[in-house]
Amino acid sequence: MTHDQSLILLILAATVGMFLWGRWRHDMVAAGALLACVLAGLVAPAEAFSGFGHPAVVTVACVLVLSRGLQSSGAVDVLAARVLPAKAGMAASLAALVGLGALLSGFMNNVGAMALLMPVAMQLAGRLSLPPGRVLMPLAFGTILGGMTTMIGTPPNLIVSGFRAQQGTGGFAMFDFTPIGLAVALGGILFIVLLGWRLVPAREKASTEGFETGAYVTEVRVLPDSKAAGLLLREIERTLDGADAQVIGLVRNEVRMNAPQSGRKVLAGDILVIEAEADALPEVLSTLGLKLEEAGSSSAEDETGQEDKGEKNHGQDKAGEKAGHKAGREGEDAEAEADRSPQDDEITLMELVVRPEAGLIGRSAKDLLLRTRYGLNLLAVSREGARSKARLRTLKIQAGDLLLMQGPLEALSEFAADSGCVPLARRDLRIPDRGKAWVAGLVMAFAVGAAALGLLPAAISFALGVLASMALRTVPLRAVYESIDWSVIVLLGALIPVAGAMESTGSANLIARALLEGVARGDAIVGLTLVMVVTMFLSDLMNNAATAAVMCPIAIGTAAALGASADPFLMAVAIGASCAFLTPIGHQNNTLILGPGGFRFGDYWRLGLPLELLVVAIAIPLLMLFWPLHG
């Protein structure tokens, strides 16, 4: 063993130990490993940050941005409403949910896919009278399985492809992972749906974080092309049952009917008054093709007509005083501010509670001139104990009301300060926009297609997709950089030169020979299985991208020592790094369900261990079939 080999192995052991210890964040550990290699002379200073320009790193960042576009446009909500059955049994419902999660994970960030479908999983658990964990854990594992089906499905696949390219044989293509990944995913999902979910401990849901807001009352307009147009109210109510929502009123020709008869036909242009949880609003809108009345209607003229009256009658109120001062100060610029395009700022949703001393008590959204002065919409009101018979825009606000408001973040903060309301939380609700959903889907399809057909390198194809998303506003400009998990980018960019040092010093071959002589004893099949199992074990304890970066040089060295092709060994690393099913810390999706599912650290292996054994049993024969050891 040479001096350089001793140094890099010492740094590698310390790095893995720090990853397992978990005291420092993984990007800090990776950066420390890189700098240690530079100081030790194992990585040239000029090459220290070359990893950040690696195609795999660029592609990971771009995929995260495009995933945000699919989320924020509501494309996934529309797909879920069409695909998931509303009243199917346990097996069919779970299969549809887990299958959809796996499908989405093949083309978008699997953490994003999990986050999008978690509310659906909670609703499904309630409908089937199951503990939430028995739906959440199958969904989490399904999204992890789905990520291994394409090159962009998960960062380890991109890292493995990058290491193959460094060997001079070119990177893996977009769907080179599909034959084995799809077979493993299908086998895993069938096991989970038919038997595996029964192995999940039946835990009670942990107490939810945050503030429980209760049901909101909101108004939605029936558009001419809406599915609700022409239906009877009873048919609409049956549809809304799945979202735990109900119709409590109907407005036609500016006349509100409370408790309308269930046999009344709903017409285009009608306004339905619906009571629903805030998290259920996107499902309500997408299922029936409805549009939020306050978000979509234009009542600016009505508000402008009320401006003088509002100033005269309520000038003494705090909100009125500050808004009046603002109008007087800006003069003619107030109209330009009112007409400002919503694209100028990122539109968000925020919940505010009305304090007892708030200046807007006794006033309505129309009185406050929310749109004229602030560019805000009042979407819904939650009031404990009673339902108002007034229209939403004329509803007199009371102390203790919860207001769900939409607008630019700065305007929302300004209104909260002016009016004496307390912001509770920003709501991550996606109000479906069919136009943007189609655009976001087409942009992603173009990026995937161009890379899959070899028209463009993956990094270039997805970078063009990000540029198109920014130009077409499917991703808010402020959200582009927020969409990227920079800790993962730093992790990848830092470990790629470290992995290069392992290879250049011969340390990877040294580890590979030790494994072969001690365990595999020259048997290529045993060596292939060993590489996959070791990768699985490490992935259960540390970041999967870091695991792939550490194991790829070892896999290449193992293949060289056996005189075998490196491809099946690299594929084994990709599969093993994606199978983190034993602990809540192995994958972010496992961590996401820890609280909502009421799980303990030791609950995951009950389903995870048999699932990992099944993955090995399916993957090893298929690896030898599709990627021959001596091909």
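Numbers given to residues run from 1 along each chain, matching the order in which its sequence is written. Local features in this predicted model are restricted to residues of pLDDT 70 or higher, and side-chain atom pairs are both shown and tallied only at a pLDDT of 80 or more, whereas totals for entire chains, interfaces and linings draw on every residue. To obtain the side-chain values, all non-hydrogen atoms of the structure were included, while hydrogens and water were left out.

**Let's talk about the overall build of the protein chain**
Right, on to step 1. Note on conventions: DSSP H or I runs of at least 4 residues are helices, E runs of at least 2 residues are strands, and numbering of each starts at the N terminus. Along the backbone of the protein chain there are 29 helices and nine strands.
Right, on to step 2. Should any heavy atoms of two residues lie within 4.5 Å, those residues are considered in contact. Considering only contacts within the protein chain whose residues lie at least 6 apart along the sequence, 79% involve residues at least 24 apart.
Right, on to step 3. Put simply, the protein chain shows about 26400 Å² of open surface, and 59% of that area lies on carbon and sulfur atoms. Calculation of accessible area relied on Shrake-Rupley with a 1.4 Å probe; when residues are assessed, cover is drawn exclusively from the protein chains displayed.

**A look at the packing of helix α7 (residues 133-146) against helix α29 (residues 605-626)**
When two helices pack together, their arrangement is given by the angle between their axes and by how far apart the axes lie.
Right, on to step 1. Axes, fitted as lines to C-alpha atoms, cover a helix only where it is in contact. Angles between the N-to-C directions of the axes lie from 0 to 180 degrees. Remark: α7 packs on α29, axes separated minimally by 12 Å, with the N-to-C direction vectors making an angle of 25°. Judged by the angle between their axes, α7 and α29 are roughly parallel. Our pair here, α7 against α29, has a crossing hand that is right-handed. Counted together, Met 137, Phe 141 and Leu 145 of α7 and Leu 607, Gly 608, Leu 611 and Val 615 of α29 form the full contact between these two elements. Note on angle classes: values under 35 degrees are labelled roughly parallel, values over 145 roughly antiparallel, values of 65 to 115 roughly perpendicular, and the remainder oblique. If you view the pair so one helix is near and one far, a crossing is left-handed when the near helix is turned anticlockwise from the far one by less than a right angle, and right-handed when it is turned clockwise.

**Considering the pairing of strand β4 (residues 271-277)**
Right, on to step 1. The element β4 is largely enclosed, with a buried count of six among its seven residues.
Right, on to step 2. Bridge count for strand β2 (residues 246-252) against β4 is five bridges, and the pairing is antiparallel. Among the inter-strand pairings, Val 247 is bridged to a residue of β4, identified as Ile 274. Using a 1.4 Å probe on the protein chains alone, a residue whose accessible area is under 20% of its type maximum counts as buried, one over 50% counts as exposed, and one in between counts as partly exposed. Pairing between two strands requires that DSSP report at least two bridges joining them.

**Observations regarding the packing of aromatic side chains**
Right, on to step 1. Pairing of aromatic rings covers Phe, Tyr and Trp, the last through its six-membered ring, and needs centres within 6.5 Å; plane angles under 30 degrees mean stacked, over 60 mean edge-to-face, and all others mean tilted. Taken as a whole and assessed by the stated rule, the structure comprises five aromatic pairs.
Right, on to step 2. Relative to Phe 177, the ring of Phe 172 lies with its centre 5.4 Å away and its plane at 65°, an arrangement referred to as edge-to-face. In this pair, the class of Phe 172 matches that of Phe 177, namely buried.
Right, on to step 3. A centroid spacing of 5.4 Å and a plane angle of 80° characterise the contact between Phe 172 and Trp 627, whose relative ring orientation is edge-to-face. In this pair, Phe 172 is assigned in the loop between α8 (155-169) and α9 (178-194) and Trp 627 in the segment after α29, connecting sequence segments 455 residues apart. Trp 627 carries the same exposure label as Phe 172, and that label is buried.
Right, on to step 4. By way of ring pairs, the aromatic residues Phe 172, Phe 177 and Trp 627 are connected into one cluster.
Right, on to step 5. A ring has a charge above it when a Lys NZ or an Arg CZ is no more than 6 Å from the ring centre and no more than 35 degrees off the ring normal. The ring of Phe 172 has Arg 164 lying over it, and the distance from NZ or CZ to the ring centre is 4.5 Å.

**Side note on the nonpolar core**
Right, on to step 1. The biggest cluster of nonpolar side chains holds 137 residues, and the ones touching the most others in it are Phe 141, Leu 145, Phe 462, Met 532, Phe 569, Ile 575 and Leu 623.
Right, on to step 2. In terms of residue count, helix α26 (residues 544-562) provides more of this core than any other element does, 12 residues in total.
Right, on to step 3. Contacts of Met 532, omitting those with residues within four sequence positions, involve Ala 572, Ile 575, Gly 576, Val 616, Ala 619, Ile 620 and Leu 623.
Right, on to step 4. Of all hydrophobic cores here, the second largest spans 23 residues; its members include Val 220, Val 222, Leu 281 and Ala 380. Grouping buried Ala, Val, Leu, Ile, Met, Phe, Trp, Tyr and Cys residues that are joined through side-chain atoms within 4.5 Å yields what is termed a nonpolar core.

**Concerning the environment of Val 533**
Right, on to step 1. The topology assignment puts Val 533 in helix α25 (residues 524-541).
Right, on to step 2. Taking the relative accessible area as the measure of exposure, Val 533 reaches 38% and is therefore partly exposed.
Right, on to step 3. With 79 residues separating them in the primary sequence, Val 533 and Glu 612 have C-alpha atoms 9.0 Å apart.

**What about unusual backbone geometry?**
Right, on to step 1. At Ser 129, a position not held by glycine, the phi torsion is positive, near 55°.
Right, on to step 2. The residue Ser 129 is located in the loop between α6 (110-127) and α7 in this model.
Right, on to step 3. The phi torsion at Arg 473 lies on the positive side, around 65°, for a residue other than glycine.
Right, on to step 4. Relative to the helices and strands, Arg 473 resides in the loop between α21 (458-472) and α22 (479-482).

**Quick notes on helix α23 (residues 486-504)**
Right, on to step 1. A helix is expected to span 1.5 Å for every residue after the first. If you check α23, its first and last C-alpha atoms are 28 Å apart, about what 19 residues at 1.5 Å a residue would give, namely 27 Å.
Right, on to step 2. Taken across its 19 residues, α23 has 14 buried, putting it largely inside the fold.
Right, on to step 3. Gly 506 sits one or two residues past α23 and shows a positive phi near 80°.

**Details of the confidence of the model for the protein chain**
Right, on to step 1. For the protein chain, the mean per-residue pLDDT works out to 78, and 81% of the residues sit at or above 70.
Right, on to step 2. The low-confidence segment residues 206-213 (pLDDT under 50) makes nine contacts with residues lying over four places distant or belonging to another chain.
Right, on to step 3. Under a pLDDT of 50 for its full length, residues 295-344 has, in the predicted model, 60 contacts with residues more than four places off or in other chains. Values of pLDDT, which run from 0 to 100, indicate the predictor's confidence residue by residue.

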